[in-house]
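# Fold and geometry: a report
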Amino acid sequence: MTPRKMSLKQKYGAYTRGLDWKPTYQREDDVFPFAKYEGIKIHDWDAWEDPFKLTMDAYWKFQAEKERKLYAVIDSMAQNNGQLGITDARYLNAVKLFIQGVTPLEYQAHRHFAHLARHLPGAGLRVAAQMQSIDELRHCQTQIHTISHYNKYFDGIHDFTHMHDRLWYLSVPKSFFDDATSAGPFEFLTSISFAFEYVLTNLLFVPFMSGAAYNGDMATVTFGFSAQSDESRHMTLGLEAVRFLLEQDEANVPIVQGWIDKWFWRGYRLLSLVGMMMDYMLPKKVMSWGEAWETYYEQAGGALFADLARYGIREPKYADVAKAEKGHMTHQAWGIFYNYTHAAAMHTWDIDEAHMAWLREKYPDTFAQHYEPRYRKWREQAEEGKRFYNNGLPQLCQVCQIPMAFTEVGDPNTISFRVSEHGGDRFHTCSDGCKDIFDHEPEKYAQAWLPVHQIFQGACGGATLPEVLDWYHINQGADNMDYAGSPEEEQWNRWMEGRRPVVPVAAE
Amino acid sequence: MATASLHPGYTGPVRDRVENFNGAQLVYVHWEEHLNFCSAITLPLPPQTPFAALTGEILPSLYAVDPEWAEVDLSKARWMLDGADWTPDPARSLADQGVGHKSLIRFWTGPSATA
Ligand SMILES: [Fe+2]
Ligand SMILES: [Fe+2]
Ligand SMILES: [Zn+2]
């Protein structure tokens, strides 16, 4: 007898709820131990409406097709010296930041969605988490495969997982995600699926992917495309999950609001690395951080929170600070990297006149007044053979772990210092946003592994900078320091030498 | 507020307790209005470090890379310790005049020292 063919909807129903059962010889609370401690109340798991009714067979087929396309591009990249097609070798620093800072988060996302796929009490959400777990593993893998081509020619890519666990600026994304995975399942959904993948996603993926497109990095563009349909599922999951929590019980609203406030600020601080990449690392610029923030947060986010107002949700606390800081943040972040290029697995460089002009145009209220003079002074010092390096180690924020370089709103000459007391110790934070987060859960953030403090505890390979850099696996003189004078610059100039047309091409 | 946790009363190790710094304590210093130094600087210092050693040796080793440092007269600087105005005594140690683990010392030089 041939089996009756099921419709997609039936198949989906059989696959999700059809495979679920009520435990009889174990208590439900023992089977799902993480479900209640955060204080979230769910009365009816069946009310979860799956936004995408994707079955496993359809999923495999769809993903396999995307993989075929991606790996064809990766192959042709390898065969045709794709690395020569980028605008400039400086572009690669965006790729370095991506593989060091973001790819390991894909892997963490894979792991934690697998955890949710086991531990959420609702079958529909479990299946969605399972699919996302597989997506995230695929993202991690395809990113590594794609970028491994650049690793053959460029520095700073060779040991990205090791660096992710140890380097001072990579502790920013690492601790961000550790914070999320060490929270309960509902906070995790709100942090990663909603705040990060829904509210802020266009400020993470779009800049990297369009940056790649503008700068001739077709490989990264292709993995971006390959991840895009997954990401739209992840976004939908984030929004639907938060709506579901808000609809299930009114008591959930203040809890979710607290998480939105926290994770908006955590995400925003993390994005200072991305914003710096946009404004400083792309030889061919896509849009400024300020423009991106206006488009993707102030406008799109504004509409979203207006819509969520009917549940009693308001805009994230300190969104006004992010708005007020948008003309300053990326310049201050670049300053950190310029201060400490000797300890980074990326390069920085002098900001040339064309770049200065672009920054003046994009940041008319802030750049010429506050940052251009600083860059000109640094340039003078470099020209005298005294390139400015900071000889000390920075004070770090206890929460976001970024060097405390951000200034008070309305006072760009004064660093914003905040401090809390807990258990007889002082804890320093960079902003009201980070201070609130610390004060809400001091037991959690008092445990932070702050890279600078770890060096002074003797936990990072030794007391001298070269020893610490060895412990970081930074290949000194290649991975770190300025682009000018780097092996990468020398290689790039050599490559381009034979390729630049000797006689200018006639105007078309 | 306490951290929501599976096991009530959750705490963890405070990673940066002073005992972990081999006899030193952390002190943060910040030269105000010189943001070419992107942030305050972390120093592991024995609590008995005389204030004069901070101004005479340690701060110059950090800040002399800025040409303006040559003109700085630290005896005329304005100081702040952990958010309060502070008049340090060069002869006494940091610990003797209230500098503790993870204290923040901010100072102003030049015209803003008197502002
Ligand atoms: Fe992903
Ligand atoms: Fe995702
Ligand atoms: Zn912070």
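Residues numbered from 1 in each chain as written. Chains lettered and ligands numbered in written order. Predicted model: local features only at pLDDT ≥ 70, side-chain atom pairs only at ≥ 80, totals over all residues. Heavy atoms only, no water.

### Side note on the overall build of chain A
Filter applied, for reference: Where helices and strands are cited, they refer to DSSP runs of H or I of at least four residues and of E of at least two residues respectively, numbered from the N terminus. Radius of gyration: C-alpha atoms only; globule rule: 2.2 Å multiplied by the number of residues to the exponent 0.38. Each residue's exposure class comes from its accessible area (1.4 Å probe, protein chains only) as a fraction of the maximum for that residue type: buried when under 20%, exposed when over 50%, partly exposed otherwise. Only heavy atoms enter the contact rule, under which two residues are in contact if any of them lie within 4.5 Å. Only the protein chains shown count as covering a residue, and every accessible area follows the Shrake-Rupley method with a 1.4 Å probe. Charge convention: Lys and Arg are scored as positive, Asp and Glu as negative, and His as well as the terminal groups of each chain are ignored. For this purpose, a charge sits on NZ of Lys, CZ of Arg, CG of Asp or CD of Glu.
Across its full length, chain A holds 22 helices and five strands. The C-alpha radius of gyration of chain A comes to 24 Å, within 12% of the 23 Å expected for a compact globule of 508 residues. Dimensions of chain A, computed from C-alpha atoms along their principal axes, come out at roughly 80 × 65 × 45 Å. A burial count over chain A gives 59% of its 508 residues as buried. Within chain A, contacts between residues separated by at least 24 positions form 79% of all contacts whose residues are at least 6 apart in sequence. As presented, chain A carries roughly 20,600 Å² of accessible surface, and 54% of it is formed by carbon and sulfur atoms. Charge separation in chain A, taken as the distance between the mean sites of 50 positive and 67 negative side-chain charges, equals 4 Å.

### A look at the coordination of the zinc ion (ligand 3)
Residue and element names in this part refer to chain A. For clarity, the threshold we go by: Coordination partners: N, O, S within 2.8 Å of the metal, 3.2 Å for Na, K and Ca; water not considered, so apparent gaps in a site are possible. All geometry calls rest on donor angles, where a four-donor set with angles between 85 and 135 degrees is tetrahedral, four- and six-donor sets with opposite donors more than 155 degrees apart and all others between 65 and 115 are square planar and octahedral, and all else is irregular.
Each protein donor to the zinc ion (ligand 3) is listed here as Cys397 (SG), Cys400 (SG), Cys430 (SG) and Cys434 (SG); together their distances run 2.3 to 2.4 Å. One way to put it: the four donor atoms around the zinc ion (ligand 3) meet at angles of 105 to 115 degrees, and that makes the site tetrahedral. Here the donor residues for the zinc ion (ligand 3) map to a single chain with the spacing C-x2-C-x29-C-x3-C. Of this pair, Cys397 sits in the loop between strand 1 (393-394) and strand 2 (407-408) while Cys434 is found in helix 18 (residues 432-440), placing the two residues 37 residues apart along the sequence. Overall, the relative accessible area of 1% leaves Cys434 in the buried class.

### Digging into empty space enclosed by the protein
Residue and element names in this part refer to chain A. Note the cut-off: Buriedness for pockets is judged along seven lines, at least five of which must meet protein on both sides within 12 Å for an open set on the 1 Å grid over protein atoms alone, while cavities are sets there where a 1.4 Å probe fits but cannot get out, and lining residues have an atom within 4 Å of a point. Grid points are joined across faces, edges and corners, and a volume is the space filled by probe spheres set on the points.
Applying the stated criterion to the full structure yields seven cavities of 30 Å³ or more. If you add up the space inside the largest cavity, you get close to 250 Å³. Along the wall of the largest cavity there are 20 residues; nearest its centre are Val102, Leu105, Phe196, Leu204 and Phe205. Secondary-structure elements contributing two or more residues to the lining of the largest cavity are helix 4 (92-101), helix 5 (103-119), helix 8 (171-181), helix 9 (185-199), helix 10 (205-214) and helix 12 (252-281).

### A closer look at the packing of aromatic side chains
Residue and element names in this part refer to chain A. Our working definition: Each pair of aromatic rings taken from Phe, Tyr and Trp, with Trp reduced to its six-membered ring, is defined by centres within 6.5 Å and is described as stacked if the planes are under 30 degrees apart, edge-to-face if over 60, and tilted in the remaining cases. Whether a charge sits over a ring comes down to the Lys NZ or Arg CZ being within 6 Å of the ring centre and within 35 degrees of the ring normal.
Per the counting criterion, the structure on display carries 53 aromatic pairs over all chains. Centroid distance Phe264 to Trp293: 6.0 Å. Interplanar angle 50 degrees. Geometry classified as tilted. Note that Phe264 is positioned in helix 12 and Trp293 in helix 13 (residues 289-308), a separation of 29 residues in sequence. Given the relative accessible area of 3%, Phe264 is considered buried. Among the residues examined, Trp293 registers a relative accessible area of 0% and is labelled buried. The lysine or arginine in question, Arg387, covers the ring of Tyr338, its NZ or CZ lying 3.6 Å from the ring centre. The aromatic ring of Tyr389 is capped on one face by Arg387, whose charged end is 4.1 Å from the ring centroid.

### Some words on the coordination of the iron ion (ligand 1)
Residue and element names in this part refer to chain A. For the iron ion (ligand 1), the full set of protein donor atoms is Glu106 (OE), Glu136 (OE) and His139 (ND1), at a range of 2.0 to 2.2 Å. Summarised as a motif, the one-chain spacing of the donors to the iron ion (ligand 1) is E-x29-E-x2-H. Between the two metals, the iron ion (ligand 1) and the iron ion (ligand 2), the spacing is 3.3 Å, and Glu136 donates to both. Here Glu106, found in helix 5, pairs with His139, found in helix 6 (residues 123-151); they are 33 residues apart in sequence, far enough to count as distant.

### Some remarks on the sheet that holds strand 2 (residues 41-45) of chain B
Sheet strands pair by backbone hydrogen bonding; their relative direction is either parallel or antiparallel. Quick note on the threshold: Whether two strands pair depends on DSSP finding at least two bridges between them. Between N-to-C directions, angles span 0 to 180 degrees; the directions come from axes that are lines fitted to C-alpha atoms, helices contributing only their stretch in contact.
Spatial ordering of the open sheet is given by 1(A)-2(B)-1(B)-5(B)-3(B)-4(B), a layout of six strands whose pairing is mixed. The two strands at the open ends of the sheet, each matched to only one other strand, are strand 1 of chain A together with strand 4 (84-86) of chain B. Sheet topology places strand 1 (residues 25-31) of chain B next to strand 2 of chain B; five bridges connect them, and they run antiparallel. Along strand 2 of chain B, the bridge assignment pairs Tyr28 of chain B with Thr42 of chain B. Packed on one face of the sheet, helix 1 (residues 51-63) of chain B meets strand 1, strand 2, strand 3 (78-81), strand 4 and strand 5 (103-108) of chain B and runs near 135 degrees to strand 2 of chain B.

### Quick look at the interface of chain A and chain B
Note the threshold: Joining two parts hides part of their accessible area as seen by a 1.4 Å probe, and the buried area is that hidden amount summed over both. Within this document, salt bridges are pairs made up of a side-chain nitrogen of Lys or Arg and a carboxyl oxygen of Asp or Glu, the two lying within 4 Å of each other.
If you look at the interface, chain A gives 50 residues, while chain B gives 44 residues. For the pair chain A and chain B, the two sides together bury roughly 3,900 Å², of which 54% comes from carbon and sulfur. It is Arg426, Gln447 and Phe456 of chain A that lose the most area in chain A upon contact with chain B, and together they represent 16% of the buried surface on that side. Between chain A and chain B we count three salt bridges in total.

### Here we look at the pairing of strand 3 (residues 411-415) of chain A
Examined bridge by bridge, strand 2 of chain A and strand 3 of chain A share two bridges and lie antiparallel to one another. Opposite Glu408 of chain A, over in strand 3 of chain A, you have Asp411 of chain A as the bridge partner.

### With respect to the nonpolar core
How we decide: Here, nonpolar core means buried Ala, Val, Leu, Ile, Met, Phe, Trp, Tyr and Cys residues that are tied together by side-chain atoms lying within 4.5 Å of each other.
Tyr169 of chain A together with Val29, Leu54, Leu59 and Tyr63 of chain B are the most contacted members of the largest nonpolar core, which totals 176 residues. The element best represented in this core is helix 12 of chain A, accounting for 17 residues. With residues up to four places along the chain from it excluded, the contact list for Leu59 of chain B reads Val29, Leu54, Ala64, Trp69, Leu74, Trp79 and Phe107 of chain B.

### Quick word on the layout of surface pockets
Residue and element names in this part refer to chain A. To keep it simple, the criterion reads: For this scheme, ten residues count as nonpolar: Ala, Val, Leu, Ile, Met, Phe, Trp, Tyr, Cys and Pro. Four count as charged, namely Asp, Glu, Lys and Arg, and the remainder, Gly too, count as polar.
Roughly 1,200 Å³ of volume is contained in the largest pocket. Around the largest pocket sit 50 residues that line it, and Asp179, Lys262, Glu441, Lys444 and Tyr445 are the ones nearest its centre. Among the elements of the structure, helix 5, helix 7 (160-166), helix 8, helix 9, helix 12, helix 18 and helix 19 (442-445) are those that each provide at least two residues to the lining of the largest pocket. Among the elements that take part in the lining of the largest pocket, helix 12 stands out by supplying eight residues, more than any other. Taken together, the residues of the lining of the largest pocket break down into 19 nonpolar, 17 polar and 14 charged.

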